[in-house]
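Notes for the structure review
For reference, the chains in residue letters:
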Amino acid sequence: MDDYPLLNLFWTMLELFVFILWFFLLFKIITDIFRSKDMGGWGKAGWTIFVILLPLIGVLVYLIARGGSMAERDLEQAQRTDEAFQAYIRRAAADGGGGGGAGGAGRSHADQLAKLADLKTTGAISEEEFQKAKAKLLA
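Computed from a predicted structure; not experimentally measured.

As a further point, take the overall build of the protein. When helices and strands are counted, the protein shows six helices and zero strands. Along its sequence from the N terminus, the protein presents helices and strands in the succession α-α-α-α-α-α. For the protein, the residues scored as buried account for 17% of the 139 residues in total. Look at the contacts in the protein between residues 6 or more apart in sequence, and 43% of them connect residues 24 or more apart. For the protein, the computed accessible surface area is about 10300 Å², with 68% contributed by carbon and sulfur atoms.

See the structure below:
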């Protein structure tokens, strides 16, 4: 290790970083191919084979041809995930949180917390007002 120059060490670190970055990009594109609803099975298979067999050219062509709509598909996925999470919270609040114990009081607190969260997401109350009302509810 004593005879390995510092510049070569930096160059090796850069190569490793670019190699890891390449794999992240490749996985992101493959995920986008399979997430896309506007492409049929043959189109997905074709893009996948193209990206795997000719990785550099395939990734660059995919980014040129379909890169603009990748952000839209990411946004749609994030919105679906958020909606599913909100639905889960509402179901858990309606069920009393699944903790048993005091049924009526727990449900009313959960309902009020859900209403507060809805008011905060719609912008009817600020974050500070939400925190004050939540603290008052939980006290």
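Continuing now.
Turning our attention to the layout of surface pockets. Computed from the structure, the largest pocket encloses a volume of approximately 260 Å³. Around the largest pocket sit 13 residues that line it, and Ile89, Leu113, Ala114, Ala117 and Phe130 are the ones nearest its centre. Looking at the lining of the largest pocket, the elements that each hand over two or more residues are α4 (70-94), α5 (103-122) and α6 (127-138). Grouping the constituent residues of the lining of the largest pocket by class yields seven nonpolar, two polar and four charged.

Turning our eyes to something else, we now look at helix α3 (residues 55-66). Taking 1.5 Å of rise per residue, the 12 residues of α3 would be expected to cover 16 Å, and the 16 Å separating its terminal C-alpha atoms lies within 8% of that figure. Taken together, the buried positions of α3 are occupied by Gly58, Val59, Tyr62 and Arg66. Relative to the axis of α3, the buried residues are bounded by an arc of 95° and lie together on one face. When the buried face of α3 is taken as reference, the exposed residues oriented beyond 90 degrees from it are Leu56 and Ile64.

Once that is clear, we can look at the side chain of Ser36. Within the secondary structure, Ser36 sits in the loop between α1 (6-35) and α2 (41-53). In this structure, Ser36 is in contact with Lys44, Arg66 and Arg73, ignoring residues within four places of it in sequence.

All right, on to the environment of Gln112 then. Looking at where Gln112 falls in the secondary structure, it is placed in helix α5. Remark: the alpha-carbon pair of Gln112 and Ala133, spanning 21 residues in sequence, is separated by 9.6 Å.

Glancing now at the nonpolar core. One finds Leu26, Ile29, Ile33, Met39, Trp47, Val51, Val59, Tyr62 and Met70 forming the largest nonpolar core, which totals nine residues. Within the residue set of this core, elements represented by two or more residues are α1, α2 and α3. The biggest single contributor to this core is α1, with three residues. Setting aside its immediate chain neighbours within four residues, Ile29 contacts Val51, Val59, Tyr62, Leu63 and Met70.

Attention now goes to the packing of α1 against α2. Two elements in contact, α1 and α2, have axes separated by 9 Å at closest approach and are oriented at 170°. The angle between α1 and α2 places the two elements in the roughly antiparallel class. Between α1, through Leu26, Ile29, Ile30, Ile33 and Phe34, and α2, the contact on the second element is made entirely by Lys44, Trp47, Thr48 and Val51. Of the residues assigned to the contact of α1 with α2, the class counts are seven nonpolar, one polar and one charged.

About the thresholds
Residues numbered from 1 in each chain as written. Predicted model: local features only at pLDDT ≥ 70, side-chain atom pairs only at ≥ 80, totals over all residues. Heavy atoms only, no water. Helix = DSSP H or I, 4+ residues; strand = E, 2+ residues; numbered from the N terminus. Buried < 20%, exposed > 50% of the residue type's maximum accessible area, 1.4 Å probe, protein only. Contact = heavy atoms within 4.5 Å. Areas by Shrake-Rupley, 256 points an atom, 1.4 Å probe, with all protein chains shown as cover. 1 Å grid on protein atoms, 1.4 Å probe; cavity = no way out; pocket = protein on both sides within 12 Å on 5 of 7 lines; lining within 4 Å. Points joined across faces, edges and corners; volume = space filled by probe spheres on them. Nonpolar A, V, L, I, M, F, W, Y, C, P; charged D, E, K, R; others polar. Expected span 1.5 Å × (residues − 1). Arc of directions from axis to C-beta. Core = buried A, V, L, I, M, F, W, Y, C linked by side-chain atoms within 4.5 Å. Axes fitted to C-alpha atoms, helices over the stretch in contact; angles between N-to-C directions. Parallel < 35°, antiparallel > 145°, perpendicular 65-115°, else oblique.

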